[in-house]
Amino acid sequence: MDSVTLTVTDGLAVLTLNRPAAANALDLALKTALLDGVRAIASDGSVRAVLIRAEGRNFCVGQDLAEHAAALAASPERSMDTVAEHYNPLISAIAGLPVPVVASVQGACVGAGLGIALAADVVIAAESATFATAFTSIGLASDSGLTRSLVDAIGAVRTRAFLLLGERISAAQALDWGLIAQVAPDHDAAATAESAARRLAAGPTAAFAAAKALVTASLPPLGDALERERAAAAPLAATADHRGAVAAFLDKRRPAFTGEASSAARKEAT
C-alpha cells in the first residue's frame, strides 16, 4: 500500500496520508512520499487548489516514535536529522504553494501532524477531532514550524501554554482560539473540506496567489522559525529526559523527568 496517494482532477490535487493502521504516524516512507507529493503538486501547472486529507480514524499523530527510538539507538547525534531533511522542507513546500491549501482533519492531529495541518491555508475539522503539540511530553520543544504557525494563529500566551502544558484541545476549542477555520459534523467533515477545496479550485487563481503572498509578507519569515527549531532539536535529543520519555511512550508508561539537560541543550536554551 502506498503511504501517500495523489490525484489531480479538475484542478484539485488531493494528497492523502495513507497509513491508517499506524494513525498516519510519520515514518521515513510517509515523510518522503509527502514531500515528493507536494513537490509534484508545485510543478503541476494544472493544479489550482490542494486538499490534504488522511485515511483512517486519525489525521496524523506525528513522528513515528518506534522509528525515532531506533534512530536514537543507532546514532544519537544524527537522530534529529529528519527535522532538516524532511519536516522543514515539507512545511516550507506546503506553505510555499501559490494555490490555496485546505486541510481536512479528523481524530488526532498531533505534533508534526499539527504542523502539517497548520501549514495549510484553511483547516476544516470534524467535531470529534483533537489537537495537541506533544513535544514536551517526550522532552522536546517544537518542530514543523509550530513556533511560528501557533503564535500567528493563537498568540504567544496560548502558544506557550499549549507547548508547555501539552494538553489536548477539542475542535470546538481550536475554533474558539482561531487555530482552525471551521468545524463540521463528523459524518460531513470530509465532504465539507472537499467542497471548500473544489470551490477554491474553481476560483480566481491569480487573486488567491496574491492574497496568500500578501499575508505571508506580513508574518515573520517561516524559514527563520524552522531553523531555530532545527537548532534546538539535536541538543534536546541528547538529554536523558528525551531518551527516557521515548522509551516510556513505547512501553506505555508515564515518563519520569529528572530535569537533567545536556550541556548543549542548556547552551541552546540560553
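Residues numbered from 1 in each chain as written. Predicted model: local features only at pLDDT ≥ 70, side-chain atom pairs only at ≥ 80, totals over all residues. Heavy atoms only, no water.

## Description of the sheet that holds strand 4 (residues 101-105)
Phase 1: Reading across from one edge, 1-2-3-4-6-9 is the order of the six strands in this open sheet, with mixed pairing throughout. Strands at the two margins of the open sheet, each flanked by one partner only, are strand 1 (4-9) and strand 9 (182-184). Strand after strand, the sheet turns through a mean of 20° between neighbouring axes, direction not considered.
Phase 2: Inspection of the sheet shows strand 4 paired to strand 6 (residues 122-126) by four bridges, in the parallel sense. Each residue of the ladder has a partner; that of A103, found in strand 6, is V123.
Phase 3: The strands touched by helix 1 (residues 28-42) within the sheet are strand 1, strand 2 (12-17) and strand 3 (49-54), with strand 2 carrying the most contacts at an inclination of about 175°.
Phase 4: Those strands touched by helix 7 (residues 189-201) are strand 1, strand 2, strand 3, strand 4, strand 6 and strand 9, and its axis lies near 165° from that of strand 3. (Pairing = 2+ DSSP bridges. Helix = DSSP H or I, 4+ residues; strand = E, 2+ residues; numbered from the N terminus. Axes fitted to C-alpha atoms, helices over the stretch in contact; angles between N-to-C directions. Contact = heavy atoms within 4.5 Å.)

## Some thoughts on helix 1
Phase 1: In this model helix 1 runs 21 Å from its N-terminal to its C-terminal C-alpha over 15 residues, within 8% of the 21 Å that 1.5 Å per residue would give.
Phase 2: Looking at the buried positions of helix 1, the neighbouring elements they touch are strand 1, strand 2, strand 3, helix 2 (65-74), helix 3 (81-96) and helix 4 (112-118). (Expected span 1.5 Å × (residues − 1).)

## A few points about the packing of aromatic side chains
Phase 1: Counted under the stated rule, the structure contains one aromatic pair.
Phase 2: Pairing F162 with W177 gives two aromatic rings, centres 5.7 Å apart and planes at 85°, and the pair type is edge-to-face. Taken together, the positions of F162 in helix 5 (residues 146-165) and W177 in helix 6 (residues 171-177) put the pair 15 residues apart, joining distant regions of the chain. In terms of burial, F162 and W177 fall into one category: buried. (Phe/Tyr/Trp six-rings, centres within 6.5 Å; stacked < 30°, edge-to-face > 60°. Buried < 20%, exposed > 50% of the residue type's maximum accessible area, 1.4 Å probe, protein only.)

## Observations regarding the domain arrangement of the protein
Phase 1: Annotation of the protein at the domain level lists domain 1 (4-202) and domain 2 (205-269).
Phase 2: Placing the centre of domain 1 and that of domain 2 at their C-alpha centroids yields a distance of 15 Å.
Phase 3: With 35 residues of domain 1 in contact, the opposing surface of domain 2 contributes 28 residues.
Phase 4: The junction of domain 1 with domain 2 conceals about 2500 Å² of combined surface from both sides, 67% of it contributed by carbon and sulfur atoms.
Phase 5: Here domain 1 and domain 2 share one salt bridge between them.
Phase 6: Measuring nitrogen to oxygen at the nearest pair gives 2.9 Å for the salt bridge that ties D121 to K212.
Phase 7: For the pair domain 1 and domain 2, the interface holds 13 residue pairs in polar contact (both at pLDDT 80 or more).
Phase 8: Residue contributions to the side of domain 1 that touches domain 2 peak at six residues, all from helix 3.
Phase 9: Classifying every residue of the side of domain 1 that touches domain 2 by side-chain character gives 19 nonpolar, eleven polar and five charged. (Domains from an automatic or database assignment. Buried area = accessible area lost by both parts, 1.4 Å probe. Salt bridge = Lys/Arg side-chain N within 4 Å of Asp/Glu carboxyl O. Polar contact = N/O pair within 3.5 Å; in protein donor to acceptor, adjacent residues only side chain to side chain. Nonpolar A, V, L, I, M, F, W, Y, C, P; charged D, E, K, R; others polar.)

## Some words on the sheet that holds strand 5 (residues 108-110)
Phase 1: What the three strands build is an open sheet, ordered 5-7-8; its pairing is mixed. The open sheet has two free edges, formed respectively by strand 5 and strand 8 (169-170), since each of these has just one partner strand.
Phase 2: Pairing analysis gives two bridges linking strand 7 (residues 130-132) to strand 8, with the strands arranged antiparallel. Its bridge partner being in strand 8, F131 is matched across the sheet by I169.

## Considering the packing of helix 3 against helix 9 (residues 222-237)
Phase 1: Following both chains from N to C, one finds helix 3 and helix 9 inclined at 160°, their axes separated by 11 Å at the closest point. With respect to helix 9, the axis of helix 3 lies roughly antiparallel. As helix 3 runs across helix 9, the sense of the crossing is right-handed. Judged by residue contacts, V83, A84, N88, I91, S92 and A95 of helix 3 engage L222, L226, E227, R230 and A233 from helix 9.
Phase 2: Split by residue class, the contact of helix 3 with helix 9 holds seven nonpolar, two polar and two charged. (Parallel < 35°, antiparallel > 145°, perpendicular 65-115°, else oblique. Left-handed = near helix turned anticlockwise from the far one by under 90°.)

## Some thoughts on the pairing of strand 4
Phase 1: With five of its five residues buried, strand 4 lies for the most part within the structure.
Phase 2: Burial of the side chains of strand 4 extends over both faces: V101, A103 and V105 are buried on one face and V102 and S104 on the other.

## Considering the environment of A207
Phase 1: Relative to the helices and strands, A207 resides in helix 8 (residues 205-217).
Phase 2: Overall, the relative accessible area of 43% leaves A207 in the partly exposed class.
Phase 3: With 108 residues separating them along the chain, A207 and V99 place their C-alpha atoms 9.6 Å apart.

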